[in-house]
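Below, each chain spelled out in residue letters.
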Amino acid sequence: MQYEQLTETNRTEYDTFIAAHPSGSFLQSWQWGEWQKQSGHEPVRIIIRANDQIVAATQVLKTRIPRMSKYYLYIPYGPLFTNEAAASFLIGQLKTNFPNALFLRIEPKQELPLIGKPTVHIQPGKTAVLNLNQSVDELLTSMHQKTRYNIKVAQKHGIVVQAEPVITPRHGLHLTEAVDLLVTTATRQNYRSHGRAYYEKLIDFFSITLNSTSNCTISVYKALLGTELLAVALMVDFGTTRTYLFGGSADSHRNAMAPYAMHWQAMQDAKSQGQAYYDLWGTETASGQTAGFVRFKLGWGGEDIAYPSPKDIIYKPLWYNLYAILRKVNRKL
């Protein structure tokens, strides 16, 4: 087997493998790696070949550790592989090719025997995924009865859903209000989220870097009652999957059930565009409680999926222990 660290010339070949893989995720796409550079992470794309065929691939993020001038390796929803021997070879090569890394954090979607220290999920450990390769009637039948009812309520209230591909920085109908809604929803519902600057940079980045070689794109969905914005969602499309990444809703006119109309339209749009899956992106909370947004997601009737436990493969034990101490201190602060 052959280890290869890729350059821009390999972008299409790499993305094609990731997008076609059953466990492929936008987090492993080339474009999302470019976005991670904005947060100070360095993406490294790697493939393993055997008999001129790709048998494993991953995007590794070199993640700097504050106050330590050190880094560790992080693989979100990877590596992707066709057999365990190729995955084991790739993981072994990482230690050889990144001798200064303190440890490797793997958060896989595929089952993989790993000897490492269990750690917490950074990405969702559980989610619900709808199979869009069904008729509209079949999708509706698989939903919870109350979800179907709320879709009809939204339609009776005259909720209008607008979908806007991110193509122009800081422009678009209600785009400023959409970002406002993402931020205020997190505050109102008391959950941890990104700040306004993050969302604005994300939208700007994907509009500026949109090109023919990228098959990872973002759309902004908005649900309105008249001219009032009641719900918003940021959708990521990659491969055959549309992912509901971020969302928010207004505290007013809640009886209009705007989020239901918005998601139902987003699902139908994804289906008409040839996408096969709709990932609701996370159906658990840190406390383990079934929060309101979790009940909302589960009502759509998707398949419940639980991913394998993440692991830290420790390269430098003393430095890793110091990192763990600093991490606890930072969380308390």
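Residues numbered from 1 in each chain as written. Predicted model: local features only at pLDDT ≥ 70, side-chain atom pairs only at ≥ 80, totals over all residues. Heavy atoms only, no water.

**A short note on the pattern of salt bridges**
For the coordinates displayed, the defined rule picks out 10 salt bridges. Two residues, Glu4 and Arg49, come together in a salt bridge whose shortest N-O distance is 2.5 Å. Within this pair, whereas Glu4 is found in strand S1 (residues 2–5), its partner Arg49 is found in strand S2 (residues 42–50), the two being separated by 45 residues in sequence. Given a relative accessible area of 15%, Arg49 falls into the buried group. The closest approach of N and O atoms between Arg11 and Glu8, which form a salt bridge, is 3.4 Å. A network of salt bridges, in which partner residues are shared, links Glu4, Glu13 and Arg49. (Salt bridge = Lys/Arg side-chain N within 4 Å of Asp/Glu carboxyl O. Helix = DSSP H or I, 4+ residues; strand = E, 2+ residues; numbered from the N terminus. Buried < 20%, exposed > 50% of the residue type's maximum accessible area, 1.4 Å probe, protein only.)

**So, the nonpolar core**
Ranked by size, the top nonpolar core spans 68 residues in total, and within it Phe26, Trp32, Leu202, Tyr278 and Trp300 carry the most contacts. The leading source of residues in this core is strand S11 (residues 228–238), at nine residues. For Tyr278, the contacting residues outside a window of four places in its chain are Ala128, Val129, Leu130, Leu132, Met235, Arg242, Tyr244, His263, Ala266 and Met267. Counting 24 residues, the second-largest nonpolar core is a separate cluster that includes Phe81, Phe98, Ala101 and Leu104. (Core = buried A, V, L, I, M, F, W, Y, C linked by side-chain atoms within 4.5 Å. Contact = heavy atoms within 4.5 Å.)

**As for the pairing of strand S4 (residues 70–76)**
Taking burial as the measure, the seven residues of S4 include six buried ones, the bulk of the element. In the sheet, strand S3 (residues 53–65) pairs with S4 via five bridges, with the strands oriented antiparallel. When the bridges of S4 are listed, Thr63 appears paired with Tyr72. Connecting the antiparallel pair S3 and S4 is a turn made up of four residues, with Arg67 showing a positive phi of about 70°. The sheet contact formed by S4 and strand S6 (residues 103–107) spans four bridges and is parallel. Across the sheet, residue Pro76 finds its bridge partner in S6, namely Glu107. (Pairing = 2+ DSSP bridges.)

**Quick word on unusual backbone geometry**
Following Gly78, the chain continues to Pro79 via a peptide bond in cis, the omega torsion being 0°. Mapped onto the fold, Pro79 is located in the loop between S4 and strand S5 (80–81). Phi at Tyr77 takes a positive value of approximately 55°, unusual for a residue other than glycine. Locating Tyr77 in the fold gives a position in the loop between S4 and S5. For Tyr77, a relative accessible area of 2% gives the class buried.

**Some words on helix H1 (residues 11–20)**
Those residues of H1 that fall on the buried side of the exposure criterion are Arg11, Tyr14, Asp15, Phe17 and Ile18. The buried side chains of H1 occupy one side of the element, clustering within an arc of 160° when seen end-on. Opposite its buried face, H1 presents the exposed residues Thr12 and Ala20, each directed more than 90 degrees away. The inward-facing, buried residues of H1 contact helix H2 (30–36), S2, S3, S5 and S11. (Arc of directions from axis to C-beta.)

**Regarding the packing of aromatic side chains**
Enumeration according to the criterion identifies 20 aromatic pairs in this entry. Considering the side-chain rings of Tyr72 and Tyr323, the 5.8 Å spacing of their centres and the 55° angle between planes classify their relative orientation as tilted. Taken together, the residues Tyr72 in strand S4 and Tyr323 in helix H10 (residues 317–332) connect sequence positions 251 residues apart. An aromatic cluster of three or more residues is present, and its members are Phe26, Trp32, Trp35, Tyr77, Tyr198, Tyr199, Phe205, Phe206, Phe246, Trp281 and Tyr307. Between the NZ or CZ atom of Lys70 and the centre of the ring of Trp319, over which it lies, the distance is 4.4 Å. Over the ring of Tyr72 we find Arg105, and its NZ or CZ is 5.5 Å from the ring centre. (Phe/Tyr/Trp six-rings, centres within 6.5 Å; stacked < 30°, edge-to-face > 60°. Lys NZ or Arg CZ within 6 Å of the ring centre and 35° of its normal.)

**Some remarks on the packing of helix H5 (residues 145–156) against helix H8 (residues 258–272)**
Packing of H5 against H8 brings their axes to within 8 Å, and their N-to-C directions diverge by 100°. When the axis of H5 is compared with that of H8, the two are roughly perpendicular. For the pair formed by H5 and H8, the contact residues are Thr147, Asn150, Ile151, Ala154 and Gln155 on the first element and Tyr260, Ala261 and Trp264 on the second. When the residues that make up the contact of H5 with H8 are grouped by side-chain class, the tally is five nonpolar, three polar and no charged. (Axes fitted to C-alpha atoms, helices over the stretch in contact; angles between N-to-C directions. Parallel < 35°, antiparallel > 145°, perpendicular 65-115°, else oblique. Nonpolar A, V, L, I, M, F, W, Y, C, P; charged D, E, K, R; others polar.)

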